[in-house]
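Structure at a glance
If you want the building blocks of each chain, they are given just below.
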Amino acid sequence: MSRFTTQMDGTLHGRFEPIEADLLRLATTQLLEMLDSGAGDPSLAASDGIFGRLLPDAYRDDDDAAAEFRRFTATDLLDRKAQNAQVVLNSLGSSEADTDTPDSSPDDDSDDLQPLTISLDPDAVQAWLRSLTDLRLTLADRLQITPDGVVHLLGDNTPFLRELYEWLGMLQEELVYTIDV
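Below: a short report on this structure. All values derive from a computational prediction rather than experimental measurement.

Here we come to the packing of helix H6 (residues 122-142) against helix H7 (residues 158-180). Running from N to C, H6 and H7 cross one another at 155°; their axes reach a closest spacing of 10 Å. If you check the angle between H6 and H7, you find them roughly antiparallel. When you trace H6 past H7, the crossing you get is left-handed. Of the residues in H7, those in contact with Val 125, Gln 126, Trp 128, Leu 129, Leu 132, Thr 133, Leu 135, Arg 136, Leu 139 and Ala 140 of H6 are Leu 161, Leu 164, Tyr 165, Leu 168, Gly 169, Leu 171, Gln 172, Leu 175, Val 176 and Ile 179.

A complete count under the given rule lists nine salt bridges for this structure. The residue Arg 70 makes a salt bridge to Asp 57 at a minimum N-O spacing of 2.6 Å. Of the two residues, Arg 70 is situated in helix H4 (residues 63-92) and Asp 57 in the loop between helix H3 (49-54) and H4; the sequence distance between them amounts to 13 residues. Given a relative accessible area of 15%, Arg 70 falls into the buried group. When salt bridges that share partners are traced, they join Arg 3, Glu 20 and Glu 174 into one network.

Calculation criteria
Residues numbered from 1 in each chain as written. Predicted model: local features only at pLDDT ≥ 70, side-chain atom pairs only at ≥ 80, totals over all residues. Heavy atoms only, no water. Axes fitted to C-alpha atoms, helices over the stretch in contact; angles between N-to-C directions. Helix = DSSP H or I, 4+ residues; strand = E, 2+ residues; numbered from the N terminus. Parallel < 35°, antiparallel > 145°, perpendicular 65-115°, else oblique. Left-handed = near helix turned anticlockwise from the far one by under 90°. Contact = heavy atoms within 4.5 Å. Salt bridge = Lys/Arg side-chain N within 4 Å of Asp/Glu carboxyl O. Buried < 20%, exposed > 50% of the residue type's maximum accessible area, 1.4 Å probe, protein only.

Scope: geometric values only; no functional claims are made or implied.
Here's what the structure looks like:
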């Protein structure tokens with residue numbers, strides 16, 4: 001069963017377990033913070049490897065032309081990426097709103113958390129696809145994944161980051177499959 005379904009009116013519904021929604025919120029919030037820092041500091045965007053993946057060189061054989069192109073486009077591109085990420089966050093809502101019910105208090109340790117169902121119009125679907133790509137590119141850089149798919153990062157967080165990377169890829173694949181049907 002797919003996490004995403006298309007409705008008769010053209011909207012798409014997605015269903016996430018509370019832990020999945022929280023993980024997406026956290027990752028997307030961190031992406032937004034990184035994008036904001038890059039938009040606010042062009043030298044950071046030019047030197048950090050993550051931004052190299054998010055904003056690849058337009059001219060691979062001409063460093064001067066690539067730097068000039070980046071100078072004129074990077075801020076706008078990062079702003080658009082941040083807008084896409086904000087759409088994802090807005091779609092997910094806040095975690096407190098998802099778990100509070102009229103019959104429960106914030107201190108209630110109930111295990112009856114309900115899955116979160118989101119509704120996405122076609123523009124929001126595109127924003128989700130772009131943000132999932134940006135999240136995966138960011139993780140690929142942090143994991144030091146080479147073009148052949150090999151992870152070179154060694155550390156305690158590597159298994160979690162790799163599973164997150166793969167899970168985001170699965171979400172992206174499910175979303176693409178749902179809109180392609």
